[in-house]
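Breakdown of the fold
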Amino acid sequence: QVQLVESGGGLVQPGGSLRLSCVASGFTFSSYYMSWYRQAPGKQRELVARITNSGTVTNYADSVKGRFTISRDNAKNTVYLQMNSLKPEDTAVYYCQGALNWGQGTQVTVSS
């Protein structure tokens, strides 16, 4: 069965960095676009970044452009989200999405 397992979340101060990872299994990872979404308390889940199956094209929400970078390693069935210059408004549960499936989410909290 398809599994997406995120890791790398945590508590970080404003201006800090985190790198999220999502390890995929149960499907041909290299054939699928992969995405990161986030959901803050009381808000709808929103798309943060997406990457094509080959990794050559990426798209970002305006709110994270220039600060976040999505990447993938098809040999490791893993997609990453490098988050720099974090702001309190980046606080949310971050979800990996691909092949019509979702991970369980990892909490990111940006606070001093």
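This section reports on the structure supplied with the text.

Before going further, it helps to spend a moment on the sheet that holds strand β7 (residues 68-73). The antiparallel open sheet is built from four strands, whose spatial order is β1-β3-β8-β7. Looking at which strands have only one partner, the edges of the open sheet turn out to be β1 (3-7) and β7. Averaged over all neighbouring strand pairs, the angle between strand axes comes to 15 degrees, with direction disregarded. Two strands pair when backbone bridges link them, and β7 and strand β8 (residues 78-83) are joined in this way by six bridges, in the antiparallel orientation. Residue pairing across strands places D73 opposite T78, the latter belonging to β8.

With 28 residues, the main nonpolar core has W36, V79, L81, M83 and Y94 as its most contacted residues. Of all the secondary-structure elements, those providing two or more residues to this core are β3 (18-25), β4 (34-39), β5 (46-51), β7, β8, β9 (92-98) and β11 (106-110). At four residues, the largest contribution of residues to this core is made by β3.

Below, the discussion takes up the side chain of R67. Here R67 is to be found in the loop between β6 (58-60) and β7. Among the polar contacts made by the side chain of R67, one reaches the side chain of D90 at a distance of 2.8 Å. What R67 contacts, discounting residues up to four positions off in sequence, is Q82, M83, N84, S85, L86, K87 and D90.

What follows concerns unusual backbone geometry. In this structure, N77 takes a positive phi of about 50 degrees despite not being glycine. Relative to the assigned elements, N77 resides in the loop between β7 and β8. Phi is positive for S85, which is not a glycine, with a value near 50 degrees. Within the fold, S85 resides in the loop between β8 and β9.

Next up on the list: the state of the cysteines. Taken as a whole, this structure holds one disulfide when the rule is applied. Residue pairing for C22: its cysteine sulfur links by disulfide to C96, the two sulfurs lying 2.1 Å apart. Taking the sign of the S-S torsion, about -75 degrees here, the bridge from C22 to C96 comes out left-handed. Pair noted here: C22 is in strand β3 and C96 is in strand β9, with a separation of 74 residues, a long-range link. Judged on exposure class, the residue C22 and its partner C96 are both buried.

Right, let's talk about the packing of aromatic side chains for a bit. Across all of its chains, the model carries four aromatic pairs by this definition. Look at Y95 and W102: their rings are 6.4 Å apart centre to centre, the planes differ by 85 degrees, and that puts the pair in the edge-to-face class. With relative accessibility at 39%, the residue W102 sits in the partly exposed group. An aromatic cluster is present here, built from F27, F29 and Y32 joined pairwise through their rings. For the cation-ring pair, R45 lies above Y95, with the distance from its terminal atom to the ring centre recorded as 3.8 Å. Over the aromatic face of W102 sits the side chain of R45, whose NZ or CZ is 4.6 Å from the ring centroid.

Definitions and limits used
Within any chain, residue numbers begin from 1 and follow the written order of that chain's sequence. The predicted origin of the model limits local features to residues at a pLDDT of at least 70 and limits the giving and counting of side-chain atom pairs to 80 or more, whereas totals for whole chains, interfaces and linings rest on all residues. Think of the side-chain values as coming from all heavy atoms in the structure, minus any hydrogens and water. Only strands joined by at least two bridges in the DSSP assignment are considered to pair. Secondary structure elements follow DSSP: runs of H or I of four or more residues count as helices, runs of E of two or more count as strands, with numbering from the N terminus. All axes here are fitted lines through C-alpha atoms, helices being fitted over the stretch that makes contact, and every angle between N-to-C directions spans 0 to 180 degrees. To form a nonpolar core, buried Ala, Val, Leu, Ile, Met, Phe, Trp, Tyr and Cys residues must be joined to one another through side-chain atoms within 4.5 Å. Exposed residues in this analysis have more than 50% of their type's maximum accessible area, buried residues have under 20%, and partly exposed residues fall in between, with area computed by a 1.4 Å probe over protein chains only. Counting of polar contacts relies on pairs of N or O atoms within 3.5 Å, with two restrictions inside protein: one atom must be capable of donating a hydrogen and the other of accepting it, and residues adjacent in sequence are counted only when both atoms are side-chain atoms. Any pair of residues with heavy atoms lying within 4.5 Å of one another is described as a contacting pair. Cysteine sulfur atoms are paired as a disulfide whenever they come within 2.5 Å of each other. A pair of Phe, Tyr and Trp rings is counted when the ring centres sit within 6.5 Å of each other, with Trp represented by its six-membered ring. The angle between the planes then sorts it: under 30 degrees is stacked, over 60 is edge-to-face, the rest tilted. Working rule: Lys NZ or Arg CZ, within 6 Å of ring centre, within 35 degrees of ring normal, means a charge sits over the ring.

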